[in-house]
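Descriptive analysis of the structure
Below are the chains, spelled out letter by letter.
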Amino acid sequence: MADDQEKDLQKFLKNVDEITNLIQDMNSEDPAVQEKAVLKTEERLLFTEGDQEEDGCRTTLNKTMISPPQAPTKDADEINSEAFLAFVEKDAKERAKRRRESRVLADALKEKGNEAFASGDYAAAILCYSEGLEKLKDMKALYTNRAQAYIKLGDYQKALVDCDWALKCDEKCTKAYFHMGKAHLALKNYIVSRECFQKILEIDPQLQKQVKDYLNQVDLREKADLQEKEAHELLDSGKDTAVTTKNLLETLSKPDHNLLFYAGGIEILTEMMNDCTERTLFRTHNGFSIVNGNEVIRRCFSTAESGTVEETVCVCVLRLWQAVCSGNEENQRLLVVHPDMGRLLPSLLASGVLTIRQQSLALLLQLAQTENGRSLIINHLDLTRFQVWFQASLPGVLPALTGVLKRDPKVTNTSALSQCIAIMGNLSAEAASQRQMSASEEFGDACLGLLARCEEDVDLFREVLYPLLGLVMNLCLRSPFVSEAWAMEVSRRCMCLLNSQDGGILTRAAGVLSRTLSSSLQIVEEALGAGVMKKMIKFLKMGGQNASRYAIKTLAICTNTCHEAREEVIRLDKKFSVLLTLLSSEDEILAGNAALCLGNCMEVPHVATSLLKTDVVKVLLKLAGRDAQQTAMQLNTGIALGKLCTAEPRFAAQLRGLHGIEILHSTTKYISDS
């Protein structure tokens, strides 16, 4: 018995030590330690509930005849132990309840902080996030959001502290590493910044593209920092050109000089931008702010006319920008991200003064030479204005665009080539540009040639092929095509591409084909021989709005011109299950072309009889009577009903029984209108 009591005592003391440690950990200021303590406490409570039954059975009985039987009793130590554990259990439940309540409050404060951040009130956002952390100290989103707000305010050290806390909450928090990398980049800790961004890639390899962009920023900033150190060393050495650059910028910063004074100073400055050091000195001595912020110079951009001093000033500034941005990525960045540049450069491209247009285009082409420059153009310039200028100037630049399409994708930057083709595709969506492009046989042949080269390795050139098919699809909207031979060759290329495993390529190839088939019966016959009908039925079964639209249009065109195509649809679409499903679609284009295809198939003898047990007449009547934006759907539906009743007289009886003759007659107005 003494041994049992000793064991119980040791067990009790051990419990007290462990529980004391848990309570201390739950009161820790470290959220991670708190979280682990709560989990351990919950595990301990579950274990204790199962253990209490065993301990409750160990009792000491006095078996002498003198002592009457007594109920089992527990010693004082054991009672104290159970009472203490019960207290801990109650405390844990209360903590869990308070934690749930705190999370609700913290979430509300986070949303409030996000609203403040979005409006640009970063100080208010920080206050909200801080209040949220008072409610819930281990909420990592509050730490990362507050770090982002600190970065906006330039308080990088505090941002780093918050990122550290977020990583204590979740060691795989990619947002924490992202903001930490940005903060270290701002503090010029380039090695540590790279490590942070590379850590993101280790955690989530799917973020490779984003990480690549971040690392590129680190490289560019480090390169710019090195350039600035070398430039300052040169300036400190007293080199004449360095000192002259500084003095010239100081002179140009003085306001209210006449225009010729500024034009001459800018021209001299341009001539001095012969190496990277001089271009860097231009940047470090606020050259962009001095030139862009000068009100006299700014007015020239909006008032310049041919043969005036204002034109001279504008041209001088554009040449200066070209000189300082040549081979200097940081200068390019500072120029393009300037708040006014997004609108200014595209507007200069549309200027009525030839020399200003020429120099603006030269600057844009210079920026577009590198991947970093192209990214700056896309992200910061108002390309809609550029597109307006491009459309107006299309006849003059069409030969240059044709030259781009003639490039060999094997030796060309595929990213740059794809972006150029995408711009052409956007231009070709506008009717006037589309007409000019379609009218150029050389442009059409260049598209076809590039299509053939990309087809040699679809996977390798996918980035180029996808926008190219979009461009060709737009060109095929014009009738007549470049030539029937061109349409035939494009169709053959697209039939081959229907074997691709890429969904985007498949869809666009089907889109092109749906627009070229109608130009020639020979193309339809070749499509039948290439198994296109089977592939279109497969597209329709898989779904997808664009792919389904192209597929049903292809089937409608083929069945409209070729008896073999009708028989192929009947063979592939058992009981017309696919077509009947499409008739119930809310998409008017799908339903209308499905009705046309079904009507074409009714011309095959005895086929209509197979539909007698279906509600096809009701479905077609519903379509014919529906208000539609496109009358083609009602026209096709009326034709289908007519062919159905002609092929199988029992359908005519059904039509009369449903009082559908009136509806069928109402569609004749669309036939007469067409």
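Residues numbered from 1 in each chain as written. Predicted model: local features only at pLDDT ≥ 70, side-chain atom pairs only at ≥ 80, totals over all residues. Heavy atoms only, no water.

1. Quick word on the overall build of the protein chain
In terms of regular secondary structure, the protein chain is built from 38 helices and zero strands. Within the protein chain, residue pairs in contact and separated by at least 24 positions form 67% of the contacts whose partners lie at least 6 positions apart. Roughly 35,200 Å² of accessible area belongs to the protein chain as shown, and the carbon and sulfur atoms make up 52% of that amount. (Helix = DSSP H or I, 4+ residues; strand = E, 2+ residues; numbered from the N terminus. Contact = heavy atoms within 4.5 Å. Areas by Shrake-Rupley, 256 points an atom, 1.4 Å probe, with all protein chains shown as cover.)

2. Observations regarding helix H34 (residues 616-624)
Of all nine residues in H34, seven are buried, a share of seventy percent or more. Looking at H34, one finds that the buried residues are Val616, Val617, Val619, Leu620, Leu621, Leu623 and Ala624. (Buried < 20%, exposed > 50% of the residue type's maximum accessible area, 1.4 Å probe, protein only.)

3. Here we look at unusual backbone geometry
Backbone geometry places Lys575, a non-glycine residue, at a positive phi of 60°. Structurally, Lys575 can be placed in the loop between helix H31 (563-572) and helix H32 (577-583). Even without being glycine, Phe576 reaches a positive phi, approximately 55°. By the element assignment, Phe576 lies in the loop between H31 and H32. Classification of Phe576 as buried rests on a relative accessible area of 2%.

4. As for the nonpolar core
Membership of the largest hydrophobic core comes to 95 residues, with the highest contact counts inside it found for Leu405, Met437, Phe443 and Leu471. No other element matches the eight residues that helix H25 (residues 462-475) contributes to this core. The residues touching Met437, leaving out its near neighbours within four places in the chain, are Leu394, Leu398, Leu401, Met424, Leu427, Ser428, Phe443, Leu471 and Leu475. The next biggest cluster of nonpolar side chains, apart from the first, holds 45 residues, and it includes Ile266, Phe301, Val317 and Val353. (Core = buried A, V, L, I, M, F, W, Y, C linked by side-chain atoms within 4.5 Å.)

5. Side note on the pattern of salt bridges
Within this structure, the stated rule accounts for 24 salt bridges. Note that Asp340 is salt-bridged to Arg298, the shortest N-O span being 2.7 Å. Residue Asp340 is located in the loop between helix H16 (329-336) and helix H17 (341-349), and its partner Arg298 is located in helix H14 (residues 295-303); the two are separated by 42 residues in the primary sequence. You can call Arg298 partly exposed: its relative accessible area is 33%. For Lys406, the salt bridge identified is with Glu442, shortest N-O distance 2.8 Å. With Lys406 in the loop between helix H21 (394-405) and helix H22 (414-428) and Glu442 in helix H24 (residues 441-455), this pair connects stretches of sequence that are 36 residues apart. Looking at Lys406, the relative accessible area reads 47%, which means it is partly exposed. (Salt bridge = Lys/Arg side-chain N within 4 Å of Asp/Glu carboxyl O.)

6. Concerning the confidence of the model for the protein chain
A residue-level look at the protein chain finds 83% of positions with pLDDT of 70 or above and a mean pLDDT of 82. Across residues 52-67, confidence stays below pLDDT 50; counting only partners more than four residues off in sequence or on other chains, it has 12 contacts. Low pLDDT, under 50, characterises residues 670-674; the predicted model gives this stretch five contacts beyond four residues in sequence or across chains. (pLDDT = per-residue confidence, 0-100.)

7. Let's talk about the side chain of Gln322
Here Gln322 is to be found in helix H15 (residues 309-325). Excluding its chain neighbours within four sequence positions, the residues that come into contact with Gln322 are Gln359, Ala362, Leu363 and Gln366.

8. Let's talk about the side chain of Asn600
Within the fold, Asn600 resides in helix H33 (residues 588-601). In this structure Asn600 comes out as buried when scored by relative accessible area, which is 1%. Here Thr559 takes part through its side chain, which lies 3.0 Å from a polar atom of the side chain of Asn600. Setting aside residues no more than four positions away along its own chain, Asn600 makes contact with Ala556, Thr559, Asn560, Arg566 and Lys643. (Polar contact = N/O pair within 3.5 Å; in protein donor to acceptor, adjacent residues only side chain to side chain.)

9. Focus: the packing of aromatic side chains
Under the criterion given, the structure shown has eight aromatic pairs. Geometrically, the ring pair formed by Phe197 and Tyr214 is tilted, given 5.0 Å between the ring centres and 35° between the ring planes. Of this pair, Phe197 sits in helix H8 (residues 190-203) while Tyr214 is found in helix H9 (residues 208-236), placing the two residues 17 residues apart along the sequence. Consider the rings of Phe282 and Phe288, whose centres lie 5.1 Å apart with planes at 90°: the pair is edge-to-face. The pair formed by Phe282 and Phe288 is uniform in burial state, with each residue classed as buried. Through successive ring pairs, a cluster of aromatic residues spans Phe178, Phe197 and Tyr214. Over the ring of Trp165 we find Lys168, and its NZ or CZ is 4.3 Å from the ring centre. Note that Arg508 overlies the ring of Tyr466, its terminal NZ or CZ placed 3.8 Å from the centroid. (Phe/Tyr/Trp six-rings, centres within 6.5 Å; stacked < 30°, edge-to-face > 60°. Lys NZ or Arg CZ within 6 Å of the ring centre and 35° of its normal.)

10. Re the layout of surface pockets
Empty space within the largest pocket amounts to approximately 1,100 Å³. What lines the largest pocket is a set of 30 residues, and nearest its centre among them are Asp213, Asn216, Gln217, Asn372 and Ser375. Among the residues making up the lining of the largest pocket, the classes are represented as 10 nonpolar, 10 polar and 10 charged. (1 Å grid on protein atoms, 1.4 Å probe; cavity = no way out; pocket = protein on both sides within 12 Å on 5 of 7 lines; lining within 4 Å. Points joined across faces, edges and corners; volume = space filled by probe spheres on them. Nonpolar A, V, L, I, M, F, W, Y, C, P; charged D, E, K, R; others polar.)

11. Quick word on the packing of helix H4 (residues 122-135) against helix H5 (residues 140-152)
Between H4 and H5, the shortest axis-to-axis distance is 9 Å and the interhelical angle comes to 155°. The angle between the axes of H4 and H5 places the two elements in the roughly antiparallel class. For the element pair H4 and H5, the recorded crossing hand is left-handed. On H5, the residues that touch Tyr122, Ile126, Tyr129, Ser130, Gly132 and Leu133 of H4 are Leu142, Tyr143, Asn145, Arg146, Ala149, Tyr150 and Lys152. (Axes fitted to C-alpha atoms, helices over the stretch in contact; angles between N-to-C directions. Parallel < 35°, antiparallel > 145°, perpendicular 65-115°, else oblique. Left-handed = near helix turned anticlockwise from the far one by under 90°.)

12. A word on helix H36 (residues 649-657)
Phe651, Ala652 and Leu655 are the residues of H36 that are buried. Taken around the axis of H36, the buried residues stretch over an arc of 105°, which confines them to a single face. Seen from the buried face of H36, the exposed residues on the opposite side, beyond 90 degrees, are Pro649, Arg656 and Gly657. (Arc of directions from axis to C-beta.)

13. Some thoughts on the packing of helix H26 (residues 484-497) against helix H27 (residues 503-516)
The interhelical angle for the contact between H26 and H27, taken along N-to-C directions, is 150°, at an axis separation of 9 Å. Judged on the interaxial angle alone, H27 and H26 are roughly antiparallel. The handedness of the crossing between H26 and H27 comes out as left-handed. Two secondary-structure elements touch here, H26 through Ala487, Val490, Ser491, Cys494, Met495 and Leu497 and H27 through Ile505, Leu506, Ala509, Val512, Leu513 and Thr516.

14. A closer look at the environment of Cys601
Locating Cys601 in the fold gives a position in helix H33. Each C-alpha atom, one on Cys601 and one on Glu568, is 9.5 Å from the other, the two residues being 33 residues apart in sequence. Here Cys601 is in contact with Thr559, Arg566, Val569, Ile570, Phe576 and Val607, once residues within four sequence places are set aside.

15. Things to note about the environment of Leu153
Inspection of the secondary structure assignment puts Leu153 in the loop between H5 and helix H6 (156-169). Judged by relative accessible area, which is 48%, Leu153 ranks as partly exposed. Once the C-alpha coordinates of Leu153 and Ala123 are considered, the two residues, 30 residues apart in sequence, prove to be 8.0 Å apart. Once residues lying within four places of it in the same chain are set aside, the contact partners of Leu153 are Tyr122, Ala123 and Ile126.

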